[in-house]
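Architecture at a glance
Read off the chains here:
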Amino acid sequence: MRDFDGSNSARHGQVVILGGSAEARDLAMRLGCRSRLWLPARDRVTGQGASDHATLSELAQTADALVLAPHPCDAASLQLGARVAAQAGVHSLTVVRPTWRRTSRDKWIPLRSAREAANRIPSGSRVLVTLGRQALPDLRALRHAYLFVRQLTDHRDAFPLLNGRYLHGTAPFSVAQEIALMRRFRIDAVLTRNAGGPGGWPKIAAARALGLPVYMVARPRSMAGPVVPSVDDALNWLETRLWLDG
């Protein structure tokens, strides 16, 4: 599959991408000057790519298509993108990578939300948390466990919960690194989201190797319009809408 060209289109084929995922950056790179990448504010802070000073609504008004490719667990951005697409009357597409699949060797405890963790994680547990700082308010009731909250950016902010600390690190992490970390901090369980993809998989593989339970928060289900699992599928969809239909 070659990259999108759009040279035969009667229109400009301008695509706005609501980013926050690796797929968004890949799609923007492959579309080149045909795309504008817009990032939620927190992703601009964590350095996941360049953004545009214009609002998403302003960009969508002059676009031929809006691709929603935030982090697959970012419900707020998915809802924002669906609302903006409807208001602008523009073609929209959501790119969501496949979820991780549990095997017979995994000890997963499914959670509908991060708040549910307080009722499911046993007292005295030492928990590796990889939900991001924005989810910490949902863990206030989890006072009976000690939380090691992973941070991918270096900061000196005070830890906001009763029991726990931040663990700073730079991705990507290998399975061996994750196993070593879990042993060093005597981790009893992992609390994470089903993000899918290779980037976060090492911690799941490490928990499997050590026989640790993984408290897996489900993805949000609210997505409007067509959904594809990969950048190649998104390019095919864009060619159909913006090139062949042009």
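Everything in this summary refers to the structure shown in the same document. (Residues numbered from 1 in each chain as written. Predicted model: local features only at pLDDT ≥ 70, side-chain atom pairs only at ≥ 80, totals over all residues. Heavy atoms only, no water.)

1. So, the pattern of salt bridges
- Applying the stated criterion across every chain yields a total of 9 salt bridges.
- Here Asp232 and Arg30 are joined by a salt bridge, their closest N and O atoms 2.9 Å apart. On the criterion of sequence distance, the pair formed by Asp232 in helix H8 (residues 231-244) and Arg30 in helix H1 (residues 22-31) is long-range, its members being 202 residues apart.
- Residue class for Asp232 comes out partly exposed when judged on its relative accessible area of 34%.
- Residue Glu178 is joined to Arg150 by a salt bridge in which the shortest nitrogen-to-oxygen separation is 2.6 Å. Placement of Glu178 in helix H6 (residues 175-184) and of Arg150 in strand S7 (residues 146-151) is noted, with a sequence separation of 28 residues between them. Accessibility assignment for this pair places Glu178 and Arg150 in one class, buried. (Salt bridge = Lys/Arg side-chain N within 4 Å of Asp/Glu carboxyl O. Helix = DSSP H or I, 4+ residues; strand = E, 2+ residues; numbered from the N terminus. Buried < 20%, exposed > 50% of the residue type's maximum accessible area, 1.4 Å probe, protein only.)

2. Observations regarding the packing of H6 against helix H7 (residues 201-210)
- Here H6 crosses H7 at 60 degrees, and the two axes come no closer than 8 Å. Classified by the angle between their axes, H6 and H7 sit oblique to one another. Remark: the crossing between H6 and H7 carries right-handed chirality. Counted together, Val175, Glu178, Ile179, Met182 and Arg183 of H6 and Pro202, Lys203, Ala205, Ala206, Ala207, Ala209 and Leu210 of H7 form the full contact between these two elements.
- Its residues placed into classes, the contact of H6 with H7 shows 9 nonpolar, no polar and 3 charged. (Axes fitted to C-alpha atoms, helices over the stretch in contact; angles between N-to-C directions. Parallel < 35°, antiparallel > 145°, perpendicular 65-115°, else oblique. Left-handed = near helix turned anticlockwise from the far one by under 90°. Contact = heavy atoms within 4.5 Å. Nonpolar A, V, L, I, M, F, W, Y, C, P; charged D, E, K, R; others polar.)

3. Description of the sheet that holds strand S4 (residues 91-95)
- Ordered in space as S2-S1-S3-S4-S11, the 5 strands form an open sheet in which the pairing is parallel. The sheet terminates laterally at strand S2 (35-38) and strand S11 (227-228), the two strands that pair on one side only.
- Packing of H1 onto the sheet brings it into contact with strand S1 (15-18), S2, strand S3 (65-68) and S4, and relative to S1 it is tilted by some 160 degrees.
- Helix H4 (residues 75-88) contacts S1, S2, S3 and S4 of the sheet and is inclined by roughly 165 degrees relative to S3. (Pairing = 2+ DSSP bridges.)

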